[in-house]
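Here's the letter readout for the chains.
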Amino acid sequence: MAASPERISREMFALMIARAFPDLPENEREALWRAWGHLERWTARLPRELPYEAEPAHIFAAPERRP
Amino acid sequence: MSGPYWTIAEASAALASRDVSPVELVETCLKRVESLDPILHSYVLTLPDQARRAAKAAEAEIAGGRRKGPLHGVPIALKDIYETAGVRTTGHSKIKLDHVPAADATTTRLLAEAGAILLGKLATHEFAMGGPSFDLPFPPARNPWNPAHFTGGSSSGSGAAVAAGLALGTLGSDTGGSIRLPSAHCGLAGLKPSYGRVSRVGVFPLSFSLDHCGPMAWTSRDCALLLQAIAGPDTRDPASAQVPVPDYAAALGGDLKGLSVGVPHAFFEGDPALNPEVAAAVAAAIAQLRDLGAKVEDVTLPPLDDYHAACTVILLAEAFAIHESTLKKRWRDYGEIFRRRILPAALLSGADYVQATRLRRSLVVATDRALDRHTVLAFPSVVAPAPRIEEVPGLAFLERASLTTPANVSGHPALSVCCGYTKAGLPIGLQLMGRRFDEATLLKVGDAYERATPWRQRRPLL
């Protein structure tokens, strides 16, 4: 039987955290999982299929900038 | 002057006419700090000896006809992310508890050159991003209107100190609202200038492309006086703009005839979180702008959640890049709220960050278009009055969109002014957002509104 999306997400999260912060205790991981759930809501709003002309905003793009 | 409270403009006039001396002003503030700050916790460090020496020097200079300008002899204080040569600058964090900078931030230096007197360093949320935490080296600042309540953040001490008369003006920093939120909750005027208007050199960064430095004071006029001293290009700041700095105080006065105010109702109407007292106060404030001569119209902007999504992803990705190395070595030394908010950024992808900056570009264009049609935009600074400090959500901006993030994403200037008080006596903020590098018009609107309404006559009962 295929794993649920929730379970896959959780396993991916566990792997990524183990890589970034291997000594993070279990209670911190739980809190981080909840915080990540909120952040995912915002990343889900990001456009994923923009035309290639849609360049990023650049700090130095404005004419008055003199880097 | 009312009671122990001075505005910068009042103090400046009295200093110029020698009706008050810098020594008297500094002593007044230091006495209030001594008596009130054990409750308010707005300062993390006071500099009484240094301030008294500077006040005596200023007194002699003014008496000798060498007055430097409107800030000469005016007591101010700085959020503790502004570097101060030889004076500990901690970011309100254990991580930087022993950090003593060798040089001043550009803004610190400019204020000193203008003759302002530094009283001390002010509480902040940890590195300008944590919340009101109780596990840091210093306690969180308290709201002078009711010390059981939150100041707003992250420039928490900057808000509390001005509202309580513990400094006449302060500098805060604003990455997602950190000048405007405490200004709204503490009843001040607080200006996030245009991106590139004020140097960020020597100020601990949170997010390179969203950080802004700016003034917080009792009135828009006072903000104009502070901005005058700190605005302008800085070759050491890669985001600094080569744009002429106008005379901000000269732009104040008069009514608002000929100005167009756009109201993005969709940002806040229908939001169940919008407090009815805030809604009523902001509606009355917008009506007041109309009475002052402005034309008021509805304006459509992209959804607030789009601005907030771009801001949150960019902010967290950039902040994580700054703190990543230290987080990996010393994560236990950061406060719990900071950790909770920043660690999820470890899971963002490079593509997430780039998509957020692509979304940002479209939001900048849409905001510029709205401000081509309108001189300023007006909407609430925050949806509700300050909550009790223990009720502040730990994840804050991760949980819901904030009305302050659009101006960080777009880089336009935005000012919060006090537009009334709740029945419980807590301040309410009106946000005004202006055209790029047109802080002068924003301050003119804020000043006209403040002169036409009674809100600047009321101070906290301390």
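This text gives an overview of the structure that appears in the document. (Residues numbered from 1 in each chain as written. Chains lettered and ligands numbered in written order. Predicted model: local features only at pLDDT ≥ 70, side-chain atom pairs only at ≥ 80, totals over all residues. Heavy atoms only, no water.)

Before going further, it helps to examine the overall build of chain B. Along its length, chain B carries 13 helices and eleven strands. Computed over C-alpha atoms, the radius of gyration of chain B comes to 20 Å, within 12% of the 23 Å expected from 2.2 N^0.38 for 462 residues, which places it in the range of a compact globule. Counting only C-alpha atoms and orienting by the principal axes, one finds that chain B spans roughly 60 × 60 × 45 Å. Each of the 462 residues in chain B was classed as buried or not, and the buried ones make up 66%. Expressed as a percentage of contacts within chain B between residues at least 6 apart in sequence, the contacts between residues at least 24 apart total 80%. When the accessible surface of chain B is totalled, it reaches about 15200 Å², and 53% of it is carbon and sulfur. The averaged location of the 45 negative side-chain charges in chain B is 2 Å from the averaged location of its 47 positive side-chain charges. (Helix = DSSP H or I, 4+ residues; strand = E, 2+ residues; numbered from the N terminus. Rg over C-alpha atoms; globule rule 2.2 N^0.38 Å. Buried < 20%, exposed > 50% of the residue type's maximum accessible area, 1.4 Å probe, protein only. Contact = heavy atoms within 4.5 Å. Areas by Shrake-Rupley, 256 points an atom, 1.4 Å probe, with all protein chains shown as cover. Lys, Arg positive; Asp, Glu negative; His and termini not counted. Charge placed at Lys NZ, Arg CZ, Asp CG, Glu CD.)

For chain A, the count of helices and strands is two helices and zero strands. The buried share of chain A, reckoned over its 67 residues, is 28%. Roughly 4700 Å² of accessible area belongs to chain A as shown, and the carbon and sulfur atoms make up 59% of that amount.

The next thing to look at is the pattern of salt bridges. Pairing is possible between side chains that carry opposite charge, provided their charged atoms lie close to one another. According to the stated counting rule, one finds 23 salt bridges over all chains in the structure shown. With its nearest N and O atoms 3.1 Å apart, the salt bridge here joins Glu28(A) to Arg340(B). In this pair, Glu28(A) sits in helix H2 (residues 26-43) while Arg340(B) sits in helix H10 (residues 336-342), so the two residues belong to two different chains. Assigned by exposure class, Glu28(A) and Arg340(B) land together as buried. Here Asp174(B) and Arg180(B) are joined by a salt bridge, their closest N and O atoms 2.9 Å apart. (Salt bridge = Lys/Arg side-chain N within 4 Å of Asp/Glu carboxyl O.)

For the rest of this paragraph, the subject is the pairing of strand S7 (residues 260-263) of chain B. Residue and element names in this part refer to chain B. Residues of S7 alternate between two faces, with Ser260 and Gly262 on one and Val261 and Val263 on the opposite face, all of them buried. Where the polypeptide runs from S7 across helix H8 (residues 276-291) and back to strand S8 (residues 295-298), its parallel neighbour, the crossover connection is right-handed. Here S7 runs beside strand S9 (residues 376-380); their pairing, made up of two bridges, is parallel. If you follow Val261 over to S9, its bridge partner there is Val376. (Right-handed = clockwise from strand over helix to strand, strands pointing away. Pairing = 2+ DSSP bridges.)

Quick look at the interface of chain B and chain A now. At the interface, 48 residues of chain B touch 36 residues of chain A. Approximately 3600 Å² of surface area, both sides summed, lies buried where chain B meets chain A, with 66% of it carried by carbon and sulfur atoms. Three residues, Trp331(B), Leu347(B) and Arg358(B), lead the burial of chain B against chain A; their summed loss comes to 20% of the area buried on that side. Linking chain B with chain A are six salt bridges. Between Asp305(B) and Arg45(A) there is a salt bridge, and its shortest N-O distance comes to 3.9 Å. Along the contact surface separating chain B from chain A lie ten residue pairs in polar contact (both at pLDDT 80 or more). (Buried area = accessible area lost by both parts, 1.4 Å probe. Polar contact = N/O pair within 3.5 Å; in protein donor to acceptor, adjacent residues only side chain to side chain.)

In this section: the packing of helix H9 (residues 304-330) of chain B against helix H11 (residues 350-373) of chain B. All names here are of chain B. Running from N to C, H9 and H11 cross one another at 135°; their axes reach a closest spacing of 9 Å. Here H9 is positioned oblique relative to H11, judged by the angle of their axes. Seen along the crossing, H9 lies across H11 with a hand that is left-handed. Where H9 approaches H11, its residues Asp306, Tyr307, Ala310, Val313, Ile314, Ala317 and Glu318 are matched on the opposing element by Asp352, Tyr353, Ala356, Thr357, Leu359, Arg360, Leu363 and Thr367. A per-class count over the contact of H9 with H11 returns nine nonpolar, two polar and four charged. (Axes fitted to C-alpha atoms, helices over the stretch in contact; angles between N-to-C directions. Parallel < 35°, antiparallel > 145°, perpendicular 65-115°, else oblique. Left-handed = near helix turned anticlockwise from the far one by under 90°. Nonpolar A, V, L, I, M, F, W, Y, C, P; charged D, E, K, R; others polar.)

So, on to the environment of Asp19(B). The residue Asp19(B) is located in the loop between helix H1 (8-16) and helix H2 (22-40) in this model. Here the side chain of Asp19(B) touches Ser17(B) through a polar contact of 2.9 Å, side chain to side chain.

A cluster of nonpolar side chains, namely Ile8(A), Met12(A) and Met16(A), defines an oily patch on the protein surface of about 260 Å² accessible area. Structurally, Ile8(A) can be placed in helix H1 (residues 5-20). (Patch = residues over 30% accessible without salt bridge, like charges linked within 9 Å, V, L, I, M, F, W, Y side chains within 5 Å.)

As a further point, take the packing of aromatic side chains. For the structure shown, the criterion picks out ten aromatic pairs over all chains. Between the aromatic rings of Phe21(A) and Phe320(B), the centroid separation amounts to 6.3 Å while the plane-to-plane angle is 75°, which identifies the pairing as edge-to-face. Taken together, the residues span two chains, with Phe21(A) in the loop between H1 and H2 and Phe320(B) in helix H9. An angle of 85° between the planes, with centres 5.8 Å apart, marks the rings of Phe267(B) and Tyr307(B) as edge-to-face. With a gap of 40 residues between them, Phe267(B) in the loop between S7 and H8 and Tyr307(B) in helix H9 connect regions that are remote in the sequence. Taken together, the ring pairs connect Phe127(B), Phe204(B), Tyr334(B) and Phe338(B) into an aromatic cluster. Arg41(A) extends its terminal NZ or CZ atom over the ring of Trp42(A), reaching a point 5.1 Å from the ring centre. Between Arg458(B) and the ring centre of Tyr421(B), over which it is positioned, the NZ or CZ distance is 4.2 Å. (Phe/Tyr/Trp six-rings, centres within 6.5 Å; stacked < 30°, edge-to-face > 60°. Lys NZ or Arg CZ within 6 Å of the ring centre and 35° of its normal.)

This next bit is on unusual backbone geometry. Residue and element names in this part refer to chain B. In this structure, the amide linkage connecting Gly153 to the following residue, Ser154, adopts the cis form with an omega of 15°. Topologically, Ser154 is positioned in the loop between strand S3 (117-122) and helix H5 (156-163). Residue His41 is not a glycine yet carries a positive backbone phi of 55°. Relative to the assigned elements, His41 resides in the loop between H2 and strand S1 (43-46). A relative accessible area of 25% means that His41 is categorised as partly exposed. The phi angle at Phe437 is positive, at roughly 65°, despite the residue not being glycine. Classification of Phe437 as buried rests on a relative accessible area of 13%.

The next point concerns the side chain of Thr107(B). Its location among the elements puts Thr107(B) in helix H4 (residues 106-113). Leave out the neighbours within four places in its chain, and Thr107(B) touches Tyr82(B), Leu171(B), Val198(B), Ser199(B), Val203(B) and Ile230(B).

We now examine H8(B). For the α-helix, the turn length of 3.6 residues means that residues three or four positions removed from each other point alike. Residues and elements named next belong to chain B. Between its first and last C-alpha, H8 extends 22 Å over 16 residues, near the 22 Å set by a 1.5 Å rise per residue. Here the buried face of H8 lies against S7, S8, S9, strand S10 (414-421), strand S11 (427-434) and helix H13 (439-452). Sitting at the head of H8, Asn275 places a side-chain oxygen 2.7 Å from the backbone nitrogen of Glu277. The positive-phi residue at the C-terminal boundary of H8 is Gly293, with phi of around 115°. (Expected span 1.5 Å × (residues − 1).)

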